[in-house]
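# Remarks on the overall topology
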Amino acid sequence: MDNGIVQVNLSNPEGIVTGIQYNGIDNLLEVLNDESNRGYWDIVWDEGGKKRTKKGAKGKGRFDRMEATNFTVIVESEEQVELSFSRTWNDSLEGKLPPLNIDKRFIMLSGSSGFYTYAIYEHLKEWPAFDLDNTRIAFKPRKDKFHYMVVADNRQRFMPLPDDRSPPRGQVLAYPEAVRLVDPLEPEFKGEVDDKYQYACESRYNRVHGWICIDPLNSTGFWLITPSYEFRSAGPLKQYLTSHVGPTTLSVFHSTHYSGADLIMQFGPNEPWKKVYGPIFIYLNSLSNGFSPIGLWEDAKQQMVNEVESWPYTFPASEDFLSSDQRGKVEGRLLVRDRYISDAFVPVSGAYVGLAAIGEVGSWQRECKGYQFWTITDDKGYFSIINIRPGGYNLYSWVNGFIGDYQFDSVIYVTSGCETNVGELVYEAPRDGPTLWEIGIPDRSAAEFYVPDPNPMCINRLYVNHPDRFRQYGLWERYAELYPNEDLVYTVGISDYRKDWFFAQVNRKKDNGTYIGTTWQINFKLDSVNTNGTYTLQVALASVHSAELEIRINNLEANPPLFSSGVIGKENTIARHGIHGLYWLFSIHIQGTLLVQGNNTIFLTQTRDTSPFIGIMYDYIRLEYKR
């Protein structure tokens, strides 16, 4: 494909991007890599019903680069070229390839500084069951040219070379993705930790990222622009990988990262499914005349805005990609009421409101087979969700400052061209009584709690004095250094959660290298107790990994405990510097007879002790009195 600005070479019939020519550079992609390892779609999958290990997890699945077998020119005109690289599944491929029909499309427009790609996946009803763990598109720019990476305004830097990660230059740490650079080619990186998870990004902010080739005379930018996240799994808070050392830049559409087994896409043997992923835009820009190459980032952000405003695109030729006039609109107003604060119905400003597949309250964060459509309420609580694909949906929301999830009580059916007004919706936040005390901020994140400085031997300099200080490697090990013998004790009214509540309840490492579970204490005073009454402990968790939370009141030896979560979560957020994974809310009722006038203690015990990464990130804790 060649429009006079950009030339793109693709393998026929596989549909692998083997070369991108732009700005006088004969190939922006890594010429040292095999042609199949430069620009490609891929999928990680497994046969359905495969036996799981005792821990409930499967292996890493099978990697498939989605190489096509058929090539077709769909559109060829002065204004546009659209190419199709497809693969049709049949019974002879069972156990070898995922049971999917795959159609990868590539589009180039006249006058455009880049190209688009999207794909259509289809599983027919009569086909066997299978699991889909991960799917994405990956590009590998040249390591001899692209050294500066940008994920956000405050997350950009010169990056190490991939050679620095290999022994003996690099020392692998607690897992293969994290490497300490002991003898890098560029001395400035010596002693730093490189870890791709440090550059993960929530879907709502994951719109544009990429790499810059800095040249004094003519710099070049390589960017992935995702104009909509309607086709990504699990809603606006889901975290995805972006760009990282390689250089590598990814547009991930579905993954289990920061969610675990809950987000394995499982298809039954009689389950038809079709979904369009993308289009996304691979945008290339250049800058000469001595201007700062960071100007390329500003230009890329503006191009991202242009792409978002053009969504849904008018040019994709597949009938499976729906244009704006084939979609619908839902609008309304969101109010919130917490009757123990005020009887008033308060308009919610800045809340996310979205449509996702029909399910339970809060199920949007685990939903991955369909499309999701989200917007933000204005300062008076009004919202308008546009460009919704036809179908049946539940309407979901959550409100920062309030616990729990909202779900509209009726299914909303969207048709082409429809405009539905659901009127005023009222979110009655979970509440049994007035607040006696609270710890943290109900915002689905542990970021407000105490995040320690990293070990000086394990620093990423980007995150020194950075708002995202939680992205440093190895912070879980700091707990044992701060609490070598006794666990955390928090005293209501005296302690400050910003300084005294460690951001994650992790296991403590012992001198012999093993780990033990931990018990945190919350001490509080009650001036009086109604022994005939009921109290409620609201415990909101920002993330859990293979942990079991047991709660006891005033008696550490109580058996059974007042509450046990059982072993929950496979989110691995602690290891991956994510500060939140899936949201969990538990409302725990306490009989007044368990409390005493004066000093009381709540014991929070995490019982599992086999790994440093087992643990809990709290979002918010509140004790209420139910009259």
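Residues numbered from 1 in each chain as written. Predicted model: local features only at pLDDT ≥ 70, side-chain atom pairs only at ≥ 80, totals over all residues. Heavy atoms only, no water.

## Focus: the domain arrangement of the protein
It is common to give the size of an interface as the accessible area that goes away when the parts come together. Under the convention used in this document: Each domain's limits were defined by an automated method or a database of domain assignments. Two residues form a contact once any of their heavy atoms are found within 4.5 Å. The buried area of a pairing is the accessible area, by a 1.4 Å probe, that goes missing from both parts when the two are put together, added over both. A side-chain nitrogen of Lys or Arg and a carboxyl oxygen of Asp or Glu constitute a salt bridge if their distance falls within 4 Å. Any pair of N or O atoms that falls within 3.5 Å is considered a polar contact. Within protein, one atom must be able to donate a hydrogen and the other to accept it, and sequence-neighbouring residues count only if both atoms are side-chain atoms. Side-chain classes are defined by residue name, with Ala, Val, Leu, Ile, Met, Phe, Trp, Tyr, Cys and Pro counting as nonpolar, Asp, Glu, Lys and Arg as charged, and the others, Gly among them, as polar.
Domain boundaries assigned for the protein yield domain 1 (6–160 + 200–310), domain 2 (324–428) and domain 3 (435–625). Taken together, the 11 residues of domain 2 in the interface contact 10 residues of domain 3. Roughly 940 Å² is buried in total at the junction of domain 2 and domain 3, and carbon and sulfur atoms are behind 51% of that figure. If you sort the residues of domain 2 by the area they bury against domain 3, Gln365, Arg366 and Ile403 come out on top, with a joint share of 57%. One salt bridge in this structure joins Asp405 and Arg444, with 2.8 Å as the shortest N-O distance. On the surface where domain 2 and domain 3 come into contact, there are five residue pairs in polar contact (both at pLDDT 80 or more). Partitioning the side of domain 2 that touches domain 3 into residue classes produces five nonpolar, four polar and two charged.

## Re unusual backbone geometry
Note the threshold: The way it works is that DSSP assigns letters per residue, a run of H or I at least four long becomes a helix, a run of E at least two long becomes a strand, and they are numbered from the N terminus.
In the segment running from Gly246 into Pro247, the intervening peptide bond is cis, with an omega of -10°. Mapped onto the elements, Pro247 comes out in the loop between β19 (243–244) and β20 (248–254). Each neighbour pair has its own omega, and for Trp311 with Pro312 the value is -5°, a cis peptide bond. Turning to its location among the elements, Pro312 is positioned in the loop between α1 (294–309) and β23 (328–337). We note that Met66 has phi near 55°; this positive angle belongs to a residue other than glycine.

## Let's talk about the UniProt feature "domain: Rhamnogalacturonan lyase" (unreviewed entry) in the protein
Selection rule: UniProt positions are given in the numbering used here, feature names are shortened, and annotations may be inferred rather than shown by experiment.
Per the UniProt record, the feature "domain: Rhamnogalacturonan lyase" (unreviewed entry) sits at residues 349–421 and 435–623. Taken end to end, residues 349–421 has its terminal C-alpha atoms 18 Å apart, with 0% of it in helix and 44% in strand. Helix and strand shares over residues 435–623 are 5% and 41% respectively, and the end C-alpha atoms of the span are 6 Å apart.

## Observations concerning the pattern of salt bridges
One pass over the full model with this rule turns up 35 salt bridges. Across the pair Lys301 and Asp153 runs a salt bridge, and its minimum N-O distance is 2.7 Å. Taken together, the positions of Lys301 in helix α1 and Asp153 in the loop between β10 (148–152) and β11 (155–158) put the pair 148 residues apart, joining distant regions of the chain. For the salt bridge of Glu192 with Arg461, the shortest nitrogen-to-oxygen distance reads 2.8 Å.

## Remarks on the sheet that holds strand β13 (residues 179–181)
Rules: Note: two strands are recorded as paired if DSSP finds a minimum of 2 bridges between them.
Spatially, three strands are ordered β12-β13-β14 in an open sheet, and the strand pairing comes out antiparallel. Across the chains shown, the open sheet's two edge strands, defined by having one partner strand only, are β12 (170–172) and β14 (193–194). Judged from the three bridges that link them, β12 and β13 form a sheet pairing that is antiparallel. When the bridges of β13 are listed, Val172 appears paired with Val179.

## Here's the deal with the sheet that holds strand β8 (residues 114–123)
What counts is decided by this rule: Only the contacting stretch of a helix is used when fitting its axis, a line to C-alpha atoms as for every element, and angles between N-to-C directions run 0 to 180 degrees.
The antiparallel open sheet is built from nine strands, whose spatial order is β5-β6-β7-β8-β22-β17-β16-β10-β11. Both outer strands of the open sheet, β5 (70–76) and β11, are each paired with one neighbouring strand and no more. The sheet shows a mean angle of 15° between the axes of neighbouring strands, taken without regard to direction. Pairing between strand β6 (residues 80–87) and strand β7 (residues 101–109): eight bridges, direction antiparallel. In the sheet register, Phe85 faces β7, and the bridge partner there is Lys104. Contacts between α1 and the sheet are confined to β8, β10, β11, β16 (208–213), β17 (218–225) and β22 (273–288), with β22 contributing the most and set at about 145° to the helix.

## Some thoughts on the pairing of strand β28 (residues 391–398)
For clarity, the threshold we go by: Note on classification: 1.4 Å probe, protein chains only; a residue is buried when its accessible area is under 20% of the maximum for its type, exposed when over 50%, partly exposed between these limits.
Burial of β28 is extensive: six of the eight residues sit out of reach of the surface. One ladder, built from five bridges, connects strand β25 (residues 352–356) with β28; its direction is antiparallel. Considered in β28, the bridge of Gly354 is made with Tyr396. Where β28 meets strand β30 (residues 412–414), three bridges bridge the pair, whose relative direction is antiparallel. Each bridged residue has a counterpart across the sheet, and for Gly392 the counterpart in β30 is Tyr413. Note that β28 and strand β29 (residues 406–407) share two bridges and pair antiparallel. In the sheet register, Ser397 faces β29, and the bridge partner there is Tyr406.

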